[in-house]
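Structural overview for review
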Amino acid sequence: MNLSRFIALRIYRSSDVGKQVSRPAVLIATIGVAIGLAVMIIAVSVIIGFKSEVRDKIIGFGSHIQITNFDSNSSYESQPIAVSDTLLNALDAFPGIRHVEKFATKLGILKTDQDFQGIVLKGVDTDYDWTFFKDNLKEGEIFTIQPDKNSTDVIISKYLSDLLGLKVGDSFLTYFVQDDVRARKFTITGIYETGFLDYDKMFVIADIKQIRRLNGWDK
């Protein structure tokens, strides 16, 4: 008896109503379908969880909605817009909006004695919600922004600190290329790590007044 005939005889058995599938074969098929469904459910859950994690990190670095200058410039060099207190109050009172805050971004080159790295300096104000960065802070602390004082404190990512050999308390120069090259010295008060490398390797969080002064903007 060949192997295929032997397996067929084990799967099918004769009965009064004709050929029937044996109980072990039904059990194996049921287990196979159950395992297949379980694998698909796990795979879908992992994909949905990964998507939610990425979305939350992108929102943490930015927001659900950003109001910016209307132009075709897709760089991180933000352009100013005039926002009145009336507009801020209207947005704050709008249903579904939890928080409104001001921000600005500027491209720069972070330089140490041994190395340098291109960064995006994100300026935030006294109204900034620090929850995301507090949850992802690895060392040091979040700096305090005062309305009447220009702070030189920043927080950087663990990726940048490891890459450039920086730690909490260290200072570094950042160069900004405009009509002329300007330099600013910053001091690290905290190091964060989100695990989202595309943003961790770019963003340094600073006082928005630094960007306003560099660009010559009014408050």
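What comes next is a walk through the structure. None of the values given here were measured: they were computed from a predicted structure. (Residues numbered from 1 in each chain as written. Predicted model: local features only at pLDDT ≥ 70, side-chain atom pairs only at ≥ 80, totals over all residues. Heavy atoms only, no water.)

1. Regarding the overall build of the chain
Helices and strands together make up the secondary structure of the chain, namely 7 helices and 9 strands. Expressed as a percentage of its 219 residues, the buried residues of the chain come to 30%. Contacts spanning at least 24 positions in sequence make up 65% of the contacts within the chain whose residues lie at least 6 apart. Of the roughly 14500 Å² of accessible surface on the chain, 57% is carried by carbon and sulfur atoms. (Helix = DSSP H or I, 4+ residues; strand = E, 2+ residues; numbered from the N terminus. Buried < 20%, exposed > 50% of the residue type's maximum accessible area, 1.4 Å probe, protein only. Contact = heavy atoms within 4.5 Å. Areas by Shrake-Rupley, 256 points an atom, 1.4 Å probe, with all protein chains shown as cover.)

2. Comments concerning the packing of aromatic side chains
All chains considered together, the criterion is met by 13 aromatic pairs. Measuring from ring centre to ring centre gives 5.1 Å for Phe61 and Tyr199, while their planes differ by 85°; the resulting arrangement is edge-to-face. Pair noted here: Phe61 is in helix 2 (residues 23-61) and Tyr199 is in helix 6 (residues 197-200), with a separation of 138 residues, a long-range link. Accessibility expressed as a relative area gives 3% for Phe61, which makes it buried. By way of ring pairs, the aromatic residues Phe61, Tyr128, Trp130, Phe132, Phe133, Phe143, Tyr192, Phe196, Tyr199 and Phe203 are connected into one cluster. Over the aromatic face of Phe103 sits the side chain of Lys122, whose NZ or CZ is 5.5 Å from the ring centroid. (Phe/Tyr/Trp six-rings, centres within 6.5 Å; stacked < 30°, edge-to-face > 60°. Lys NZ or Arg CZ within 6 Å of the ring centre and 35° of its normal.)

3. Describing helix 7 (residues 208-215)
Residues separated by three or four positions in an α-helix point in the same direction, a consequence of the helix having 3.6 residues per turn. A large share of helix 7 lies buried, amounting to 6 of its 8 residues. Among the residues of helix 7, those classed as buried are Ile208, Lys209, Gln210, Ile211, Arg212 and Leu214. Looking at the buried residues of helix 7, the elements they touch are strand 3 (103-111), strand 4 (116-124), strand 7 (171-177), strand 8 (181-192) and strand 9 (203-207). Where helix 7 begins, one side-chain oxygen reaches toward the backbone nitrogen of Lys209, 3.0 Å away; that side chain belongs to Asp207. Backbone geometry just downstream of helix 7 places Gly216 in the positive-phi region, at approximately 70°. (Polar contact = N/O pair within 3.5 Å; in protein donor to acceptor, adjacent residues only side chain to side chain.)

4. Digging into the nonpolar core
One broad trend across soluble globular proteins is that nonpolar side chains are buried collectively. Core analysis: the biggest nonpolar cluster contains 19 residues, and Val154, Ile156, Phe172 and Val204 have the highest contact counts within it. Elements that contribute at least two residues to this core include exactly strand 3, strand 4, strand 6 (153-157), helix 5 (158-164), strand 7, strand 8, strand 9 and helix 7. Leaving out residues up to four positions away in the same chain, Val154 has contacts with Phe143, Phe172, Phe186, Thr187, Ile188, Thr189, Gly190, Val204, Ile205 and Ala206. One finds Phe61, Phe143, Ile145 and Ile155 within the second-largest nonpolar core, a separate group that totals 17 residues. (Core = buried A, V, L, I, M, F, W, Y, C linked by side-chain atoms within 4.5 Å.)

5. Some words on the pattern of salt bridges
Tallied over the entire structure, the rule returns 8 salt bridges. Here Lys102 and Asp127 are joined by a salt bridge, their closest N and O atoms 3.0 Å apart. Remark: Asp127 occurs in the loop between strand 4 and helix 4 (131-135) and Lys102 occurs in the loop between helix 3 (85-93) and strand 3; sequence separation between them is 25 residues. On the basis of relative accessibility, which here comes to 28%, the residue Lys102 falls in the partly exposed class. The exposure class of Asp127 is partly exposed, given its relative accessible area of 23%. (Salt bridge = Lys/Arg side-chain N within 4 Å of Asp/Glu carboxyl O.)

6. Topic: the environment of Asp198
Locating Asp198 in the fold gives a position in helix 6. With relative accessibility at 46%, the residue Asp198 sits in the partly exposed group. Each C-alpha atom, one on Asp198 and one on Ile58, is 9.9 Å from the other, the two residues being 140 residues apart in sequence.

7. Looking at the pairing of strand 6
Extensive coverage of strand 6 is indicated by the burial of 4 of its 5 residues. Pairing geometry for strand 6 and strand 8, over 5 bridges, is parallel. Within strand 8, the residue paired with Asp153 across the bridge is Thr187. (Pairing = 2+ DSSP bridges.)

8. Quick notes on the side chain of Lys106
Along the chain, Lys106 falls in strand 3. The buried category is assigned to Lys106, whose relative accessible area is 3%. Side chain to side chain, Lys106 and Glu77 meet in a polar contact 2.8 Å long. For Lys106, the side chain forms a polar contact with the side chain of Gln178, separated by 3.1 Å. Contacts of Lys106, omitting those with residues within four sequence positions, involve Tyr76, Glu77, Ile119, Val120, Leu121, Phe176, Gln178, Ile211, Leu214 and Asn215.

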